[in-house]
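Reading the structure
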Amino acid sequence: MKREDLTEKLLDIKREKGWTWKYIQDEIGGISPILITAACMGQMKLPKAQAAKAAELFGLTKAEERMLNEAPYRGSIPAMPPTDPLIYRFYELVMVYGTTWKELIQEEFGDGIMSAIDFNMTMEREPNNKGDRVKMNLSGKFLPYKYYGNDEGVPEYGFKEP
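Since the structure is predicted, the reported quantities are computational estimates derived from the model, not experimental observations.

About the thresholds
Here the residue index of a chain counts from 1 through its sequence in written order. Given that the model is predicted, a residue must reach a pLDDT of at least 70 before its local features are reported, and side-chain atom pairs must reach 80 or more before they are shown or counted; all residues, however, enter totals for whole chains, interfaces and linings. In computing side-chain values, all of the structure's heavy atoms are included and hydrogens and water are not. Helix and strand assignments follow DSSP, with helices taken as H or I runs no shorter than four residues and strands as E runs no shorter than two, numbered in order from the N terminus. Exposure categories follow from relative accessible area, calculated using a 1.4 Å probe and restricted to protein chains: below 20% of the type maximum is buried, above 50% is exposed, and the middle band is partly exposed. Contacts are residue-level and defined by heavy atoms, with any inter-residue pair within 4.5 Å sufficient. UniProt positions are given in the numbering used here, feature names are shortened, and annotations may be inferred rather than shown by experiment. Under this definition, polar contacts are N or O atom pairs within 3.5 Å; protein pairs additionally need one hydrogen-donor-capable and one acceptor-capable atom, and for neighbouring residues in sequence, both atoms have to be side-chain atoms. Domain borders in the structure are assigned automatically or taken from a domain database. We call a set of buried Ala, Val, Leu, Ile, Met, Phe, Trp, Tyr and Cys residues a nonpolar core when their side-chain atoms join them within 4.5 Å. Two strands qualify as a pair provided that DSSP identifies no fewer than 2 bridges between them.

**A word on the environment of Gly-42**
Along the chain, Gly-42 falls in the loop between helix H3 (33-40) and helix H4 (48-58). The exposure class of Gly-42 is buried, given its relative accessible area of 5%. Each C-alpha atom of the pair Gly-42 and Arg-74 lies 7.6 Å from the other, and the pair is 32 residues apart in sequence. When sequence neighbours within four positions are dropped, the list of residues in contact with Gly-42 reads Arg-3, Thr-7, Pro-72 and Tyr-73.

Here is the structure:
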């Protein structure tokens, strides 16, 4: 079985049972609800305890349970630019604001990147009388570039210089 097959199996069971992601997240527990959904979608791995809970919830085999605990091959968007309208909006955000985010982050922190590995994310519904809003909070560790081969007072890392 490929990981994509397990994702389809989980989605089929979710549909068949009429479960919500909230229900699945509450049943598995122990880590971020977003990570649980990402793991079910094949983009993250579940710790062993959560993989066991997911296997029990979904009625999976031991091999499928172990697969939920394996590091996946990440990157589920089949084409660029993405064609799904909701996913495209995130792509559009990066196209429009990506250079701005880069400038502002590097002005504040120095020469580096925001980690998508050491990363937290929350999402909530924000009521608004003109139509509810999606509120997302992204928090990634700043990782400075290393200036290897440095000498003569050149800093080792690209943190913002005083």
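That shown, we press on.
**Things to note about the UniProt feature "active site" (unreviewed entry) in the chain**
According to UniProt, the positions carrying the feature "active site" (unreviewed entry) are Arg-89, Glu-92 and Ser-115. Among the secondary structure elements, Glu-92 is positioned in helix H6 (residues 85-109). Glu-92 gets classed as partly exposed once you look at its relative accessible area, which sits at 31%. Turning to its location among the elements, Ser-115 is positioned in strand S1 (residues 112-126). The contacts of Ser-115, once residues within four sequence positions are left out, are Gly-140, Lys-141 and Leu-143. Side-chain polar atoms of Ser-115 contact the backbone nitrogen of Asp-118, separated by 2.7 Å.

**Section: the domain arrangement of the chain**
Domains assigned within the chain are domain 1 (3-69) and domain 2 (85-144). The C-alpha-based centres of domain 1 and domain 2 are spaced at 26 Å.

**A look at unusual backbone geometry**
In the segment running from Met-80 into Pro-81, the intervening peptide bond is cis, with an omega of -5°. Considering the arrangement of structural elements, one finds Pro-81 in the loop between helix H5 (62-68) and H6.

**Points about the nonpolar core**
If you look at the biggest cluster of nonpolar residues, it comprises 18 residues, and the most contacted ones within it are Leu-10, Ile-24, Leu-46, Phe-58, Leu-60 and Leu-68. Broken down by secondary-structure element, the contributors of at least two residues to this core are helix H1 (3-17), helix H2 (21-28), H3, H4 and H5. Top contributing element to this core by residue count: H4, with five residues. Leaving out residues up to four positions away in the same chain, Ile-24 has contacts with Lys-14, Trp-19, Ile-36, Cys-40, Leu-57 and Phe-58.

**Looking at the pairing of strand S2 (residues 133-144)**
Looking along a regular strand, one sees the side chains alternate between the two faces of the sheet. Judged from the eleven bridges that link them, S1 and S2 form a sheet pairing that is antiparallel. Note that in S2 the partner of Arg-125 across the bridge is Val-134. Hairpin geometry of S1 and S2 is characterised by an intervening segment of six residues between the two adjacent antiparallel strands and by a positive phi of about 125° at Gly-131.

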